[in-house]
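Residue-level structure breakdown
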Amino acid sequence: MSAAVSDHLTALFLFSFDLFRNSSVYDITREVSSRWFKGYDGLNEMHKVEWNNRGFSTFHALVAAAVSFYLLVISDIFSEGAHNTIIITHRKSWLSDAMFGVSLGYFLTDLVMILWYFPALGGKEYLLHHGLSMYAISLALLSGKGHFYILMVLFTEATTPFVNLRWYLDLAGRKGSKLYLYNGLALFVGWLFARIILFVYFFAHMYLHFDQLRTVFPIGFYSILTVPPVFSLMNLLWFWKICKGMVKTLCKPKQSASVKTD
């Protein structure tokens, strides 16, 4: 058995295993929430489903962001001149393969839940996001190419815990709390750096290493040119909504103060 086939079978095993592990995280979220959050048992069934769904969404986001940060920043796998192989077409790691398998399991499980409860857990934009994510990760996993760029995109999941905390606080009636305000500011800053500025660097890196991009097999080459811009556009649209929400939240205290003064 060749090393490439062995790697793919290992990744496929990790992917299949993660389908079950996601369900375990979902169940753990339910058990922990029932014991530690007094209001959880009083939620309606749909709110419980979304609560648990966001629980393992947060879990995946934290793992994906941590692993991506380690491989991109701390390790020397993708450092310029550190290895003989070129960054885009050949460099990879067993850890990146494992992370891609875990992420595939997460996105597939979450996609099934979104479709089952559609549109309660997310609209068409979530279907597009998850579909493109699974396509890009599968292509990188099976070909062993483009791991550097997929990890950069996975790192954007670092903003997901702030999105989920915002939903939890809203459901708990804490929209007027300082925690809600601070989380909103953290979401704005995190989104700006992880999903806007990072993509500027992403496209600049593609431009500066275009000679390497041209060596990727045709489907991979055209996928790198088309999928990231779609993600970038979605991030910009979501960022616009975040900005409007933040302005609305920051203006509320001023409005309240003016009403009291009157």
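Residues numbered from 1 in each chain as written. Predicted model: local features only at pLDDT ≥ 70, side-chain atom pairs only at ≥ 80, totals over all residues. Heavy atoms only, no water.

Structural notes on the UniProt feature "transmembrane region" (unreviewed entry) in the protein
Cross-referencing UniProt, the feature "transmembrane region" (unreviewed entry) maps to residues 59-78, 98-118, 181-204 and 216-240 in the present numbering. The annotated region residues 59-78 carries 80% helix and 0% strand content, and the separation between its end C-alpha atoms amounts to 26 Å. Helix makes up 90% of residues 98-118 and strand 0%, whereas the separation of the span's terminal C-alpha atoms amounts to 30 Å. (UniProt positions renumbered as here; feature names shortened; annotations may be inferred. Helix = DSSP H or I, 4+ residues; strand = E, 2+ residues; numbered from the N terminus.)

Section: the packing of aromatic side chains
The tally for this structure, following the rule as stated, stands at 19 aromatic pairs. Ring centres of Trp167 and Tyr168 lie 5.4 Å apart, and the angle between their planes is 70 degrees; this geometry places the pair in the edge-to-face category. Assigned by exposure class, Trp167 and Tyr168 land together as buried. Ring centres of Phe202 and Phe203 lie 5.5 Å apart, and the angle between their planes is 80 degrees; this geometry places the pair in the edge-to-face category. For Phe203, a relative accessible area of 28% corresponds to the partly exposed category. Each member of the aromatic cluster is reached from another via a ring pair, and the members are Phe78, Phe148, Tyr149, Phe199, Phe202 and Phe203. Geometry around Trp191 places Arg195 over its ring, the cationic atom sitting 4.4 Å from the centre. (Phe/Tyr/Trp six-rings, centres within 6.5 Å; stacked < 30°, edge-to-face > 60°. Buried < 20%, exposed > 50% of the residue type's maximum accessible area, 1.4 Å probe, protein only. Lys NZ or Arg CZ within 6 Å of the ring centre and 35° of its normal.)

Side note on the confidence of the model for the protein
Residue-level pLDDT values for the protein average 85, and 83% of them are 70 or greater. In the predicted structure, residues 257-262 sits below a pLDDT of 50 and forms zero contacts with residues beyond four places in sequence or in another chain. (pLDDT = per-residue confidence, 0-100. Contact = heavy atoms within 4.5 Å.)

Looking at the nonpolar core
Side chains of nonpolar character tend, in soluble globular proteins, to be buried together. If you look at the biggest cluster of nonpolar residues, it comprises 40 residues, and the most contacted ones within it are Phe100, Ile137, Tyr149 and Leu154. A total of nine residues in this core trace back to one element, the largest contributor, which is helix H3 (residues 94-116). Not counting residues within four places of it along the chain, the set of residues in contact with Ile137 comprises Phe100, Ser103, Leu104, Phe107, Ile150 and Leu154. Among the nonpolar cores identified, the runner-up in size contains eight residues, and Met234, Trp238, Ile242 and Cys243 belong to it. (Core = buried A, V, L, I, M, F, W, Y, C linked by side-chain atoms within 4.5 Å.)

Re the environment of Gly101
Among the secondary structure elements, Gly101 is positioned in helix H3. Separated by 37 residues in the primary sequence, Gly101 and Ser138 place their C-alpha atoms 8.5 Å from one another.

Focus: unusual backbone geometry
Of note, the bond from Phe118 into Pro119 is cis; its omega dihedral lies within 30 degrees of zero at 0 degrees. Within the fold, Pro119 resides in the loop between H3 and helix H4 (124-143).

Notes on a nonpolar patch on the surface
Together, Ile28, Val32, Trp36 and Phe37 give the surface a local cluster of nonpolar side chains, amounting to about 460 Å² of exposed area. For Trp36, the position within the fold is in helix H1 (residues 3-36). Classification of Trp36 by relative accessible area gives exposed; the value is 69%. (Patch = residues over 30% accessible without salt bridge, like charges linked within 9 Å, V, L, I, M, F, W, Y side chains within 5 Å. Areas by Shrake-Rupley, 256 points an atom, 1.4 Å probe, with all protein chains shown as cover. Salt bridge = Lys/Arg side-chain N within 4 Å of Asp/Glu carboxyl O.)

Re the packing of H4 against helix H5 (residues 147-155)
Running from amino to carboxyl end, H4 crosses H5 at an angle of 145 degrees, the nearest separation of the two axes being 10 Å. Taken as a pair, H4 and H5 cross one another with a handedness that is left-handed. Contacts from Ala136, Ile137 and Ala140 of H4 reach H5 at His147, Ile150 and Leu154. Tallied by class, the residues present in the contact of H4 with H5 amount to five nonpolar, one polar and no charged. (Axes fitted to C-alpha atoms, helices over the stretch in contact; angles between N-to-C directions. Left-handed = near helix turned anticlockwise from the far one by under 90°. Nonpolar A, V, L, I, M, F, W, Y, C, P; charged D, E, K, R; others polar.)

Some thoughts on the environment of Ser96
Turning to its location among the elements, Ser96 is positioned in helix H3. The exposure class assigned to Ser96 is buried, which follows from its relative accessible area of 0%. Along the backbone, Ser96 and Leu151 are 55 residues apart, and their C-alpha atoms lie at a distance of 7.7 Å. Ignoring sequence-local partners within four residues, the contact set of Ser96 consists of Leu71, His147 and Leu151. There is a polar contact of 2.7 Å between the side chain of Ser96 and the backbone oxygen of Ser93. (Polar contact = N/O pair within 3.5 Å; in protein donor to acceptor, adjacent residues only side chain to side chain.)

Describing the side chain of Ser75
Note that Ser75 resides in the loop between helix H2 (45-74) and H3. Residue classification places Ser75 among the buried residues on the basis of a relative accessible area of 12%. At 2.8 Å, the side chain of Ser75 forms a polar contact with the backbone oxygen of Leu71.

So, the pattern of salt bridges
Where side chains of opposite charge bring their charged atoms close, a pairing between them can arise. Taken as a whole and judged by the stated rule, the model has three salt bridges. A salt bridge links Arg54 to Glu50; its shortest N-O distance comes to 3.0 Å. You can see Arg54 and its partner Glu50 sitting in helix H2, four residues apart, about one turn around the helix. Here Arg54 matches Glu50 in class, with each residue buried. Here Glu157 and Arg195 are joined by a salt bridge, their closest N and O atoms 4.0 Å apart. In this pair, Glu157 is assigned in the loop between H5 and helix H6 (160-171) and Arg195 in helix H7 (residues 178-208), connecting sequence segments 38 residues apart.

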